[in-house]
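Next come the chains, spelled out residue by residue.
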Amino acid sequence: MPELPEVEVVRRGLERWVSGRTVTAAEVLHPRAIRRHVAGPLDFAGRLAGRRIGAAMRRGKYLWLPVDDGAHAVLAHLGMSGQLLVQPAAAPDERHLRVRFTFEDADGGELRFVDQRTFGGLSLHPASEDGLPDVIAHIARDPLDPEFDQDAFHAALRRRRTTIKRALLDQSLISGVGNIYADEALWRARLHYDRPTATLTRTQTTELVAHVHDVMTAALAAGGTSFDSLYVNVNGQSGYFERSLDAYGRQDEPCRRCGTPMRRSAWMNRSSYFCPRCQRAPRPRPARA
DNA sequence: ACTAGAACCTGGCCGC
DNA sequence: TGCGGCCAGGTTCTAG
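Remember, it's a predicted structure, so these values are computed and weren't measured experimentally.

Chemist: Any chance you could explain the protein's contact with DNA strand C here in plain terms?
Modeler: Taken together, 16 residues sit near DNA strand C, with His77, Met80, Phe119, Tyr248 and Ser271 positioned nearest. The protein-proximal atoms of DNA strand C, defined as those within 4 Å of the protein, are 63% sugar or phosphate. Within the side chain of lysine 61, a nitrogen or oxygen atom sits 3.3 Å from a phosphate oxygen of DNA strand C. Between DNA strand C and arginine 270, the relevant distance is 3.2 Å, taken from a base nitrogen to a side-chain nitrogen or oxygen of the residue. Of the residues contributing to the surface near DNA strand C, the split by class is five nonpolar, six polar and five charged.

Below, the structure is given as structure tokens:
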């Protein structure tokens, strides 16, 4: 499932294989794939034909390709199963091919958006002054962004009446973190997913963010995480970071620190994996007087 | 204003 | 063999 490292791998692939090329046609094969482009498929295609693609950008799990010298951008989110593939025109269509871009230099291949579960999508938006598509203005900077603000993040955690894993998944507080890397970072930081954010010390926040940063950097170095054939990078190559996950998916396997069997808890319609010894559940909060 | 939880979607897998 | 039901989960919408 694509989180920040996987999306960054795709961004680099787009930068290498797509940036600088000029679109001849954008073909929408499934309307749901561009549902966030409210003006519809014809408008989407019409406004991209003849446009030159700029440098591929990313914030958190969002990717975008500037067009019109940065005045607009094609925004992409991979959802759970989205792939951006550069394929030879002769390659047979993928089963879940949703959008196809062809280019003036046809021998450089086509760009294909393939998405089985259709949570992902593409859309075209005006860009704000810093080049960010306007619809993702609420997405916080991610931990790999040099301008990520540790003080503001800690202050927000102290202010919120919520729990730490919820906060890690809240893209308006810190972006790029999904269920997998949230569990990995919490395991590294020895924090339980249900820990109230208001009780975190500044040191704990700093360490947690460092762990998020480190686990993402390691995953990026390994080419992204993949759990099945759903996630493939821009050139069709799967990542292999899953071999080094310490928490996610390790129910009943020994904790790599203390040997205690790892647990899985149902949590928010999904799963949380943790070590019951290293990551102690918080004491119930005392009722307010 | 803030927080919690449901809804969206498909295909692989499991048990019967 | 077939079928029902569960599971994966990021984002957005709605309810409280």
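Chemist: What is the right way to read the protein's contact with DNA strand B from this model?
Modeler: In the vicinity of DNA strand B, the contacting residues are Arg32, Arg95, His96, Gln116, Arg117, Thr118, Phe119, Arg160, Arg161, Thr162, Arg166 and Asn269. Within the side chain of glutamine 116, an N or O atom sits 3.1 Å from a sugar or linking oxygen of DNA strand B. Separating a phosphate oxygen of DNA strand B from a backbone N or O atom of arginine 161 is a distance of 2.7 Å. Residues of the surface near DNA strand B, tallied by class, amount to one nonpolar, five polar and six charged.

About the cut-offs
Residues numbered from 1 in each chain as written. Chains lettered and ligands numbered in written order. Predicted model: local features only at pLDDT ≥ 70, side-chain atom pairs only at ≥ 80, totals over all residues. Heavy atoms only, no water. Near = heavy atom within 4 Å. Polar contact = N/O pair within 3.5 Å; in protein donor to acceptor, adjacent residues only side chain to side chain. Nonpolar A, V, L, I, M, F, W, Y, C, P; charged D, E, K, R; others polar.

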